[in-house]
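Survey of secondary and tertiary structure
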Amino acid sequence: MCPPNLKALGGTSDIFPSDSDAWQQLESLARHTAHLYGFREIRTPLIEEAAVFTGALGSTTEVVTKQMYQFEDRGGRRVVLRPEGTASIVRAFIEKGLDKTGGLVRLYYMGPMFRAERPQAGRRRQFHQFGAEMFGSASPYSDVETIAVLKRILDSWGLTGWKLKINSLGTPEDRSRILDFIRQKLEPHKDKFSPEELERLEKNPLRILDSKEPVCQVLCGAIDFSEVIADESLDRFDQVLRTLGHMDIPFERDPLLVRGLDYYTHTVFEVVHPALGAQDALGGGGRYDGLVQGMGGVSTTAVGFAIGLERVLIALEALKAVPATTKQPAVYVATTDPAEIPEGLLQAEQLRERSIEAVVNLEDRPLKRQFDQANKLGCRFVIVRGAAEREKKVVTVKDMNSREQRELTQADWLATMADLVKE
Ligand code: HAM
């Protein structure tokens, strides 16, 4: 016996048809846009070995230390519900040997991700991302093109009012200079930090820049680590920014943007939206030139992003721009006598063969209730089947908008219905 009152787990949601139409529209627009840029879909498993993420995302990142759903499976393996897509895709990329073939590989993905965070608006334990990853180009133009895909997807959704923040973390060598620089700047203020912040300062000072503690925010606000980044990296970043300008993609340089995952090199970016409140990132990404090699593959440069679809819907709701529900069956096949139902089933099949969405009455119930249901479903036409129609060899159709009723001959009812539905 099941216990009563079973509910979805906190931070997870059911998506009913009233909302799933909007989801499908967002997904298909994003898919279409990704295809315009030559990206093709990859689908990877929702569960992976824990090692796929622990090394890739960084052992001191919150996603790894606090948020991964990990457990031992029946075979004693440590597995994880994927908290993000990039590391899974790099694992798949290497496993398939794509790192050895060279050339450009463009992949996109969408689906659920899992992070054990404290649920609140815009922060779910199961959430959905649309992401894209481009492998095999070190060119600054590949950063720009990746951002261009992201922008075109946001535009296709009718999303306005967002801001693109961008920064550079340079090469791994630059990065270790950045870490020393942050330590040096913050060491004199150690007494003001909580034990948690002190641990961050020691283990991975970049993470302290993400801190929400006011004292950290003030102290970090004065840090601009671009002064310890090599000229070559700064030139590269400059080229990215100039090309974004050339492409009319607006951005704002944010010297404190470091992103919450450790695999990034050079360009990092985030799209924020004011409708989101505290969780203001709609999406983010950047380059991760060391990850393929770090996960055991042949050194391959890469850049990508992921967008959080729940947050996109929150922003679209605020803009009153959520795609409207459009899908309704066109035709309802009603029957005045239950003996007509088998013929009604056949008639509905004929409509579907013409790609006309049809719903058929399956119960012994009054015609009035069938019309009520047709109305509720939003059907434009109701076909009525009964003894009279059978005798006269006609098909009666009622237009629910004009209330007009007409009789069609058995020879041409289907072709006429197809024309009527198209109108
Ligand atoms: P991320 O910044 O961790 O990056 O996540 C990307 C987006 O997923 C966020 O901006 C947010 O919209 C959404 N998101 C993250 N956590 C949650 C949550 N708990 N609830 C709702 N939405 C959430 C990545 O995941 C990287 N893999 C992006 C990337 C791709 N970098 C390079 N390639």
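Quick summary incoming for the structure in this document. (Residues numbered from 1 in each chain as written. Predicted model: local features only at pLDDT ≥ 70, side-chain atom pairs only at ≥ 80, totals over all residues. Heavy atoms only, no water.)

1. With respect to the overall build of the chain
- Helix and strand content of the chain: 15 helices and 16 strands.
- Here the chain has a C-alpha radius of gyration of 28 Å; the compact-globule value for 423 residues is 22 Å, and the former is much larger.
- Counting over 423 residues, the chain shows a buried share of 49%.
- Within the chain, counting contacts between residues at least 6 apart in sequence, those at least 24 apart form 70% of the total. (Helix = DSSP H or I, 4+ residues; strand = E, 2+ residues; numbered from the N terminus. Rg over C-alpha atoms; globule rule 2.2 N^0.38 Å. Buried < 20%, exposed > 50% of the residue type's maximum accessible area, 1.4 Å probe, protein only. Contact = heavy atoms within 4.5 Å.)

2. Quick look at the site of the ligand
- In the vicinity of the ligand, 27 residues are found, and the nearest of them are E84, T86, E117, E133 and Y264.
- One nitrogen or oxygen atom from the side chain of E133 is found 2.8 Å from a nitrogen atom belonging to the ligand.
- At 3.3 Å, a backbone N or O of F305 approaches a nitrogen atom of the ligand.
- Burial of the ligand by the surrounding chains reaches 95%, relative to a free accessible area of 660 Å².
- For the shell around the ligand, the elements supplying multiple residues, two or more each, are β6 (126-135), β10 (281-287) and β11 (302-308).
- Counting residues per element, the shell around the ligand draws most heavily on β10, which supplies six residues. (Near = heavy atom within 4 Å. Polar contact = N/O pair within 3.5 Å; in protein donor to acceptor, adjacent residues only side chain to side chain. Areas by Shrake-Rupley, 256 points an atom, 1.4 Å probe, with all protein chains shown as cover.)

3. Description of the layout of surface pockets
- Considered as a void within the structure, the second largest pocket measures approximately 360 Å³ in volume.
- I15, D19, W23, E310 and L313 are the residues nearest the centre of the second largest pocket, which is lined by 21 residues in total.
- Listed by contribution, the elements that provide at least two residues to the lining of the second largest pocket are α1 (17-36), β6 and α11 (309-318). (1 Å grid on protein atoms, 1.4 Å probe; cavity = no way out; pocket = protein on both sides within 12 Å on 5 of 7 lines; lining within 4 Å. Points joined across faces, edges and corners; volume = space filled by probe spheres on them.)

4. A word on helix α12 (residues 341-353)
- The end-to-end C-alpha distance of α12, which contains 13 residues, comes to 18 Å, matching closely the 18 Å that a straight helix rising 1.5 Å per residue would cover.
- Within the span of α12, buried status applies to I341, G344, Q347, A348 and L351. Buried residues of α12, seen end-on, are gathered within an arc of 110° and therefore sit on one face of the element. Opposite its buried face, α12 presents the exposed residues P342 and E353, each directed more than 90 degrees away.
- Where α12 is buried, its residues meet β12 (331-335), β13 (358-360), β14 (381-385), β15 (394-399) and α15 (413-422).
- S355 occupies a position one or two residues after α12 and carries a positive phi of about 65°. (Expected span 1.5 Å × (residues − 1). Arc of directions from axis to C-beta.)

5. Concerning a nonpolar patch on the surface
- A cluster of nonpolar side chains, L46, I47 and F71, forms an exposed patch at the surface whose accessible area comes to about 250 Å².
- Looking at where L46 falls in the secondary structure, it is placed in the loop between β1 (40-41) and β2 (47-49).
- L46 gets classed as partly exposed once you look at its relative accessible area, which sits at 37%. (Patch = residues over 30% accessible without salt bridge, like charges linked within 9 Å, V, L, I, M, F, W, Y side chains within 5 Å. Salt bridge = Lys/Arg side-chain N within 4 Å of Asp/Glu carboxyl O.)

6. Observations concerning the environment of L57
- As for its placement among the helices and strands, L57 is situated in helix α2 (residues 50-57).
- Judged by its relative accessible area of 0%, L57 is buried.
- On a C-alpha basis, the gap between L57 and Y263 in space is 5.9 Å, while along the polypeptide they are 206 residues apart.
- Ignoring any residue separated from it by four or fewer positions in sequence, one finds L57 in contact with V63, V64, P83, E84, A87, L261, D262 and Y263.

7. What to know about the side chain of Q67
- Within the element layout of this structure, Q67 appears in helix α3 (residues 62-67).
- Classification of Q67 by relative accessible area gives buried; the value is 8%.

8. Notes on the sheet that holds β12
- Overall, mixed pairing links the five strands, which are arranged β13-β12-β14-β15-β16 in an open sheet. Each edge of the sheet is formed by a strand with only one pairing partner; in this case those strands are β13 and β16 (405-409). Neighbour to neighbour, the strand axes of the sheet diverge by 25° on average, direction disregarded.
- Inspection of the sheet shows β12 paired to β13 by three bridges, in the parallel sense. Bridge assignment links Y332 to a residue of β13, and that residue is V359.
- With respect to the sheet, helix α13 (residues 367-377) is in contact with β12, β13, β14 and β15, its orientation differing from that of β12 by roughly 170°.
- Those strands touched by α15 are β12, β14, β15 and β16, and its axis lies near 135° from that of β16. (Pairing = 2+ DSSP bridges. Axes fitted to C-alpha atoms, helices over the stretch in contact; angles between N-to-C directions.)

9. Some details on the sheet that holds strand β4 (residues 78-81)
- The strand order across the open sheet formed by three strands is β2-β4-β3, and the pairing between neighbours is antiparallel. Two strands bound the open sheet, and with one partner strand each, they are β2 and β3 (69-72). Neighbour to neighbour, the strand axes of the sheet diverge by 35° on average, direction disregarded.
- The sheet contact formed by β3 and β4 spans four bridges and is antiparallel. In the strand pairing of β4, Q70 is matched with V80.
- Where α2 meets the sheet, its contacts fall on β2, β3 and β4, and the angle it forms with β2 comes to roughly 70°.

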